[in-house]
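# Structural overview
Residues per chain, in single letters:
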Amino acid sequence: MTSNITNNSHSVKSPLGISLSELNQQVRDAIRDHLPDTYWVRAETSDVRRNQNGHCYLEFIEKDTKNQNIFARARGVIWSNTYEMLSAYFQSETGQQFTSGLSVLVRVSVEFHELYGYSLSVVDIDPSFTIGEIARNRQLILRQLEEEGVLTLNKELTLSELANRIAVISSPTAAGYEDFCDQLTNNPYGFVFYTKLFPAIMQGDRAEASIISMLEKIYEYKDNFDAVAIIRGGGSSSDLSCFDSYLLSTNCAQFPLPIISGIGHERDITVVDAVAHTRAKTPTAVAEFLISHTSETAAELMDLQQRLVEESDLVIQAAQNRLNELSRRMIHSSNIFVREELSVIQRLSVILKHQTKQLLQRENHFVSEKSQYIRMVSPENILKRGYTLTLKDGKIIKSEKELSENDVFETVFADGKVESIIIKRLKKNK
């Protein structure tokens, strides 16, 4: 079969045309012969995946900045030997893995295969472009939140002096969540903290919607909590992408309870960190902040009590000195003067007693309220209210799954302890 293709499609001499493979070969040759060897291309990565041979296949896309619709798309490939080098380089420079959803600047060669069609083969990457795009995106979202007037709303909330009722958004299996709970439970002051876990997906494409869903659940019971802790630990910087989203950030910024973030990365400050009431580096640091805050409140109560005692002593001493002075003056005064001074003394005494009584009542009422609240949240008071503690080998048992048949355990009541042995485990009614 022969063909004679010219620039004018109406000049094709062969009535049978050419085969598809021949056309594809000519397209391949035209691309090879007339395009530069490589181009630097700006695009967003999508559907990044690596096969068993180590080759990385992906798509490059470009979106409309207004409505985020895709208006350009190209298939891409990074061959295994190149991918090993470029992915390690990219992660060392940016602190995150080469994955989907990244704005990248890559050097590519344009290829056309007779069977597989058009694709871009990546031969180099500029990590500084991606770092700049991530920072630029964060700044754009922060600027948008500021223009909407919500950027500092959560920071302006007042954290309760006795902030010990904490709603926790975390993965239930995360080591950071366990560290957070252990730190609160074993605090050196013996403070009691009440935590409620709202389990969420903390990384990946579903994380944003999952965390927002948990915030909505907490909102329904917001009067039962003093603050919200959003915690996660470990993982790469790329796992933090959901914490730079506008939707999650604006939910956190406008949440009616103080939010304390402990996302687990020291060098990366996400948009959620920026809008949160308090940012801590790790889940453990969040627990330390709460313990320190409660400790400061306890210290203030002790200081108030000491000031009450000292000021009462000063008032009494001043009154005594005044009475002594008036007594000395009475000895050297006439009867009329004595009567006048006695009248003055009586009036002063009544005023003094009344003012002293009012002062003592106010201060005693304040100390009583604070002391009563501290007693209410103490472990001893909780036991007196009918609750018990279950211990095995001196460790608190939080779930029936931690006990097995024939295990010996100890139950602590307000007025004593008993030892028990598990004869049979009962199945939970569904």
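Thresholds, definitions, all that
- Throughout this description, residue numbers start from 1 for each chain and increase along the sequence as written.
- Note on the predicted model: pLDDT of at least 70 is required for a residue's local features to be given, and 80 or more for side-chain atom pairs to be given and counted; whole-chain, interface and lining totals, by contrast, use all residues.
- Side-chain measures were taken over the full set of non-hydrogen atoms in the model, leaving aside hydrogen atoms and water.
- Note on pairing: two strands pair once DSSP finds at least 2 bridges between them.
- Here a strand is any run of E in DSSP of at least two residues, a helix any run of H or I of at least four, and the numbering for each starts at the N terminus.
- Note on method: axes are straight lines fitted to C-alpha atoms, helices fitted across the in-contact stretch only, with angles between N-to-C directions ranging 0 to 180 degrees.
- Each residue is placed in one exposure class: buried if its accessible area under a 1.4 Å probe, protein chains only, is under 20% of its type's maximum, exposed if it is over 50%, and partly exposed if it falls in between.
- Contacts are assigned to residue pairs that have any heavy atoms within 4.5 Å of one another.
- For patch detection, residues must exceed 30% relative accessible area and be free of salt bridges, and they are connected within 9 Å for like charges or within 5 Å for nonpolar side chains (Val, Leu, Ile, Met, Phe, Trp, Tyr).
- Only the protein chains shown count as cover for residues, and the accessible areas themselves come from Shrake-Rupley with a 1.4 Å probe.
- The working definition used for a salt bridge is a side-chain nitrogen of Lys or Arg within 4 Å of a carboxyl oxygen of Asp or Glu.
- Definition of nonpolar core: a set of buried residues of the types Ala, Val, Leu, Ile, Met, Phe, Trp, Tyr and Cys, connected through side-chain atoms within 4.5 Å.
- As a per-residue quantity, pLDDT reports the predictor's confidence and falls between 0 and 100.
- N or O atoms within 3.5 Å of each other form a polar contact, as long as, within protein, one can give a hydrogen and the other can take it, and as long as residues adjacent in sequence are counted only when both atoms are side-chain atoms.

## Things to note about the sheet that holds strand β10 (residues 278–280)
The strand order β7-β6-β8-β9-β10 describes an open sheet built from five strands, whose pairing is parallel. The two strands at the open ends of the sheet, each matched to only one other strand, are β7 (194–199) and β10. Between one strand axis and the next, the sheet turns by 20° as a mean value, whatever way the strands run. Judged from the three bridges that link them, strand β9 (residues 259–262) and β10 form a sheet pairing that is parallel.

## Describing the pairing of strand β4 (residues 103–113)
Strand residues, when the strand is regular, have side chains that alternate between the two faces of the sheet. The sheet contact formed by strand β1 (residues 39–50) and β4 spans six bridges and is antiparallel. Each bridged residue has a counterpart across the sheet, and for A43 the counterpart in β4 is V104. Sheet topology note: the β4/strand β5 (residues 117–125) ladder contains eight bridges and is antiparallel. Across the sheet, the residue bridging to F112 is Y118, located in β5. The turn joining β4 and β5, which pair antiparallel and follow one another in sequence, is formed by three residues.

## A word on the environment of P283
Within the secondary structure, P283 is located in helix α8 (residues 283–331). Owing to a relative accessible area of 5%, P283 belongs among the buried residues under this scheme. Linking P283 and S170, residues 113 residues apart in sequence, is a C-alpha distance of 9.8 Å. Aside from chain neighbours lying at most four places away, what touches P283 is G176, F180, I231, R232, G233 and G262.

## Describing unusual backbone geometry
What you tend to see is this: most non-glycine residues have negative phi, and most peptide bonds are trans. In this model, D47 sits at a positive phi of 55°, which is unusual for a non-glycine residue. Relative to the assigned elements, D47 resides in strand β1. Judged by relative accessible area, which is 43%, D47 ranks as partly exposed. For D393, which is not glycine, the phi dihedral falls at a positive 55°. Considering the arrangement of structural elements, one finds D393 in the loop between β11 (389–392) and β12 (395–396). Of the residues examined, D393 reaches a relative accessible area of 76% and is grouped as exposed.

## Points about a nonpolar patch on the surface
A surface patch of nonpolar side chains, about 250 Å² in accessible area, is lined by L20, L23 and V27. Within the fold, L20 resides in helix α1 (residues 20–34).

## Looking at the nonpolar core
I169, I218, V228 and F243 are the most contacted members of the largest nonpolar core, which totals 33 residues. Going through the elements one at a time, α3 (127–147), β6 (165–170), α5 (207–220), β8 (227–231), α6 (246–253) and α7 (271–275) are the ones with two or more residues in this core. For F243, the residues in contact, after removing those within four places along its chain, are M202, I211, I230, R232, L248, S249, I263, T270, V271 and V272.

## Section: the pattern of salt bridges
A full pass over the atoms with the stated rule returns 12 salt bridges. As a salt-bridge pair, E114 and R28 come within 2.4 Å of each other at their nearest N and O atoms. Placement of the pair is E114 in the loop between β4 and β5 and R28 in helix α1, with a sequence separation of 86 residues. With a relative accessible area of 25%, E114 lands in the partly exposed category. For K63, the salt bridge is made with E44, and the minimal N-O distance between the two is 3.5 Å. Highlighted residues: K63 in strand β2 (residues 56–63) and E44 in strand β1, separated in sequence by 19 residues. Connected via shared salt-bridge partners are R28, D29, R32, D33 and E114.

## Points about the environment of Y219
Tracing the backbone shows Y219 in helix α5. Owing to a relative accessible area of 43%, Y219 belongs among the partly exposed residues under this scheme. Not counting residues up to four positions away in its chain, the partners in contact with Y219 are F255 and P256.

## Comments concerning the pairing of β11
As judged from the three bridges shared by β11 and strand β13 (residues 408–413), these two strands associate in the antiparallel manner. For T390, the partnering residue across the bridge sits in β13 and is T411. Linkage of β11 to β12, two consecutive antiparallel strands, is achieved through a turn of two residues, within which D393 is found at a positive phi near 55°.

## Let's talk about the confidence of the model for the protein chain
When pLDDT is averaged along the protein chain, the result is 84, and 91% of the positions lie at 70 or above. Confidence over residues 1–12 falls short of pLDDT 50; this stretch has 14 contacts with residues more than four positions distant or in other chains.

## Re the side chain of D226
Mapped onto the elements of the fold, D226 is located in the loop between α5 and β8. At a separation of 3.2 Å, a polar atom in the side chain of D226 contacts the main-chain amide nitrogen of N164. Sequence-distant contacts of D226, that is, excluding residues within four places in its chain, are made with L159, S160, L162, A163, N164, R165, L257 and P258.

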